[in-house]
Amino acid sequence: MNLEYFIAKRLIKGKEHKISISAPIIKIAIAAIAIGVIMMLIAIATGLGLKEKIREKITAFNGHVQIYNYDNNNSEVSIVPVSTEQNFYPEFNSVDGVVHIQAVATKAGIIRTEETFEGIIAKGVGKDYNWAPFKEFLIEGVLPDYNGELNSDVLISKIIANRLNLKVGDSFFTFFLRDDAADRIPNQRKFIITGIYDSGFEEIDGLYIFTDIRHIQRMNKWTDTEVGNFEIFLNSFDDIDEKSNEIYGETVASLDTKSIKDKYYKIFEWIGLFDFNIALIIGIMIIVGGINMITALLVLILERTPMIGILKALGMPNWSIRKVFLYNAAYLIGVGLFWGNLIGLGFIFVQHKFKIFKFPNPKEYYIEYIPVSIDLSTILLLNIGVLFLCLLMLLIPSYIITRITPVKAIRFE
């Protein structure tokens, strides 16, 4: 039998434990642990959720890695075409972790209506384009279908539609400048709106419309095997740096690669600060909870001083007595963890399900509601970490037991 655990269990279940002087302090310590766990879970869930949503939105428009011609010079529009006759297209099997590759092309233009005009970038996509992420962004109409003959269907953003006072089913003319400066007459295309999307990314939504890539190929006088660039999707964002280098190694010398972390480095530097904020909140909450537990432990030791004297008189070592109180403290921490997890995870579930809490200014965070995301391994790691660190902090104050002499402790009132 574990004697220290047995004594601690009797102390916890004893009636005097609930009506003692230390009872209010113990409740405060448990509440501090619970509140700390709630704050930590919310901080982690919201931080990870926001990072994932921003990543998903950027990836939906760009893929994880882009392959393009060096001569494009980081231009937003396609200048020098890339041939689709590559050993990595239409299946990129030489690099593990690549789940999809698609060919696209972009061209700058101006939408002209009877009342106003708007500068845009037309993104041409084809049969291989992955529309799955846009199902979440689609707010009106349907996604265009470019699997058949060349058509004039386009997908535009809510921002552009509002600026031009357009709706699903409306048609409009778009003018594109020709690459040949000698020919000053612009290309003109009439498009029909089949759907309207809203991703929340104003920088992207206010610029891009989606059309059939064959329009851009014809305007640029490209062949059917020439496109602007390739977009590659990975099965894990965490491997983006490594896979980007591997993909670069599998392309010919005339082609370059760029990951979305490099293309949107300012945004990713910003969301990288979330990790620091989460760590700061966790650190503060652990310190607050640890201090409260230290206070509770010292009160418990003070209250049980006569018992400590008796145990010492019976020959129990100091470390064994310290373990009695550490077991007691571990129980109190466990109670705090239980209620903290119950309330914190309950809040996260409700927010994930019903999206109750929203950002006051969605434009600053690229999303309307506060997203949450957390996995089981993170929850377990957090709980184990809190329990371990709090007990580690209690080792020093428990040392006071070694300074208690049996004679004085038995007489202590």
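Everything numeric in this text was worked out from a predicted model, so none of it was measured. (Residues numbered from 1 in each chain as written. Predicted model: local features only at pLDDT ≥ 70, side-chain atom pairs only at ≥ 80, totals over all residues. Heavy atoms only, no water.)

Engineer: Please explain the overall build of the chain as it appears in this structure.
Structural biologist: Of the regular secondary structure elements, the chain holds 15 helices and twelve strands. For a compact globule of 413 residues, the expected C-alpha radius of gyration is about 22 Å, and the chain comes in at 32 Å, more than 25% above that figure. Taken along the three principal axes of its C-alpha coordinates, the chain extends 105 × 45 × 30 Å. Across the 413 residues that make up the chain, the buried fraction comes to 47%. Approximately 21600 Å² of the chain is accessible, and the part contributed by carbon and sulfur atoms is 60%. Side-chain charges in the chain split into 41 positive and 45 negative, and the spacing between the mean points of these groups amounts to 14 Å. (Helix = DSSP H or I, 4+ residues; strand = E, 2+ residues; numbered from the N terminus. Rg over C-alpha atoms; globule rule 2.2 N^0.38 Å. Buried < 20%, exposed > 50% of the residue type's maximum accessible area, 1.4 Å probe, protein only. Areas by Shrake-Rupley, 256 points an atom, 1.4 Å probe, with all protein chains shown as cover. Lys, Arg positive; Asp, Glu negative; His and termini not counted. Charge placed at Lys NZ, Arg CZ, Asp CG, Glu CD.)

Engineer: When you look at the environment of I193 in this model, what are you seeing that I'm missing?
Structural biologist: Tracing the backbone through its elements, the reader meets I193 in strand β8 (residues 187-197). Placed 74 residues apart in sequence, I193 and G119 show a C-alpha to C-alpha distance of 17 Å.

Engineer: Just checking my understanding: could you explain helix α14 (residues 376-398) for this structure?
Structural biologist: In an α-helix, one turn spans 3.6 residues; hence positions three or four apart end up facing the same way. Relative to the 33 Å expected for 23 residues at 1.5 Å per residue, α14 spans 33 Å between its end C-alpha atoms, a close match to the ideal helical length. Those residues of α14 that fall on the buried side of the exposure criterion are I379, L382, N383, V386, C390, L394, P397 and S398. In this structure, the buried side of α14 is in contact with α3 (23-62), α10 (265-303) and α12 (318-354). (Expected span 1.5 Å × (residues − 1). Contact = heavy atoms within 4.5 Å.)

Engineer: Teacher, can you tell me more about the side chain of N69 here?
Structural biologist: Note on placement: N69 falls in strand β1 (residues 65-69). What makes N69 buried here is its relative accessible area of 11%. When near neighbours in sequence (up to four residues on either side) are disregarded, N69 contacts V80, P81, V82, S254 and L255.

Engineer: I would appreciate a short explanation of the nonpolar core in the present structure.
Structural biologist: Among soluble globular proteins, nonpolar side chains are generally buried collectively. Residues F92, F210, I232 and I247 are the most contacted members of the largest nonpolar core, which totals 66 residues. Not counting chain neighbours up to four residues away, the residues in contact with F210 comprise F61, K123, V125, Y129, W131, F134, Y146, D153, V154, L155 and Y197. Core analysis: the next-biggest nonpolar cluster, separate from the first, contains 42 residues, L11, I33, A45 and C390 among them. (Core = buried A, V, L, I, M, F, W, Y, C linked by side-chain atoms within 4.5 Å.)

Engineer: In this structure, what is going on with the packing of aromatic side chains? I would like to understand it.
Structural biologist: The geometry of an aromatic ring pair is captured by the separation of the ring centres together with the interplanar angle, meaning the angle of the planes. Summed over all chains, the structure comprises 27 aromatic pairs. Pairing Y5 with Y327 gives two aromatic rings, centres 5.8 Å apart and planes at 80°, and the pair type is edge-to-face. Highlighted residues: Y5 in helix α1 (residues 3-13) and Y327 in helix α12, separated in sequence by 322 residues. Look at Y129 and F134: their rings are 6.3 Å apart centre to centre, the planes differ by 45°, and that puts the pair in the tilted class. By the burial criterion, Y129 is buried, and F134 matches it. (Phe/Tyr/Trp six-rings, centres within 6.5 Å; stacked < 30°, edge-to-face > 60°.)

Engineer: Sorry if this is basic, but what is going on with the pairing of strand β11 (residues 229-234) here?
Structural biologist: For a regular strand, side chains alternate in direction, first toward one face of the sheet and then toward the other. Of all six residues that make up β11, six are buried, and the element is covered over most of its length. Where β1 meets β11, four bridges bridge the pair, whose relative direction is antiparallel. Bridge pairing in β11 links Q66 to E231. Pairing geometry for strand β3 (residues 98-112) and β11, over six bridges, is antiparallel. Bridge pairing in β11 places V104 opposite N229. (Pairing = 2+ DSSP bridges.)

Engineer: Help me understand a nonpolar patch on the surface, please; the structure alone is not making it clear to me.
Structural biologist: A cluster of nonpolar side chains, contributed by F349, V350, F354, I356 and F357, occupies part of the molecular surface with about 520 Å² of accessible area. Secondary-structure assignment places F354 in helix α12. (Patch = residues over 30% accessible without salt bridge, like charges linked within 9 Å, V, L, I, M, F, W, Y side chains within 5 Å. Salt bridge = Lys/Arg side-chain N within 4 Å of Asp/Glu carboxyl O.)

Engineer: Just checking my understanding: could you explain the pattern of salt bridges for this structure?
Structural biologist: Between side chains of opposite charge, a pair can form when the charged atoms approach closely. Scanning the model with the defined rule gives nine salt bridges in all. Taking the shortest distance from any N to any O, the salt bridge between R163 and E118 comes out at 2.8 Å. In this pair, R163 is assigned in helix α5 (residues 158-164) and E118 in strand β4 (residues 117-125), connecting sequence segments 45 residues apart. Judged by relative accessible area, which is 16%, E118 ranks as buried. A salt bridge links D170 to K167, with the shortest nitrogen-to-oxygen separation between them at 3.6 Å. Overall, the relative accessible area of 51% leaves K167 in the exposed class. Ionic contacts of the salt-bridge type, sharing partners, join the residues K53, E56 and E136 into one network.

Engineer: Explanation requested: the packing of α12 against α14 in the structure shown.
Structural biologist: Helices that pack against each other are described as a pair by the angle of their axes relative to one another and the distance between those axes. One can describe the packing of α12 onto α14 by two numbers: an axis separation of 10 Å at closest approach and a directional angle of 145°. Remark: the crossing between α12 and α14 carries right-handed chirality. In this structure, α12 contributes W319, R322, L326, A329, A330, I333, L337, N341 and L345 to the contact, and α14 contributes I379, N383, V386, L387, C390, L391, L394, L395 and S398. Residues that form the contact of α12 with α14 fall into these classes: 14 nonpolar, three polar and one charged. (Axes fitted to C-alpha atoms, helices over the stretch in contact; angles between N-to-C directions. Left-handed = near helix turned anticlockwise from the far one by under 90°. Nonpolar A, V, L, I, M, F, W, Y, C, P; charged D, E, K, R; others polar.)

Engineer: Explain the side chain of S398 to me, please; I cannot follow it from the model alone.
Structural biologist: Relative to the helices and strands, S398 resides in helix α14. Judged by relative accessible area, which is 0%, S398 ranks as buried. Excluding residues within four positions of it along the chain, S398 makes contact with L297, I301 and R322.

Engineer: Can you help me understand the environment of D262 in this one?
Structural biologist: Looking at the secondary structure, you find D262 in helix α9 (residues 260-263). For the pair D262 and I54, spaced 208 residues apart in sequence, the C-alpha separation works out to 15 Å.

Engineer: Where do I start with the packing of α10 against α14 in this structure?
Structural biologist: Running from N to C, α10 and α14 point in directions that differ by 45°, and their axes come no closer than 9 Å. By the angle between their axes, α10 is oblique relative to α14. When the axes of α10 and α14 are compared, the crossing they make is right-handed. The residues of α14 that touch α10, namely those facing I286, I287, G290, I291, M293, I294, L297, L298 and I301, are V386, L389, C390, M393, L394, P397 and S398. Here the contact of α10 with α14 is composed, by residue class, of 14 nonpolar, two polar and no charged. (Parallel < 35°, antiparallel > 145°, perpendicular 65-115°, else oblique.)

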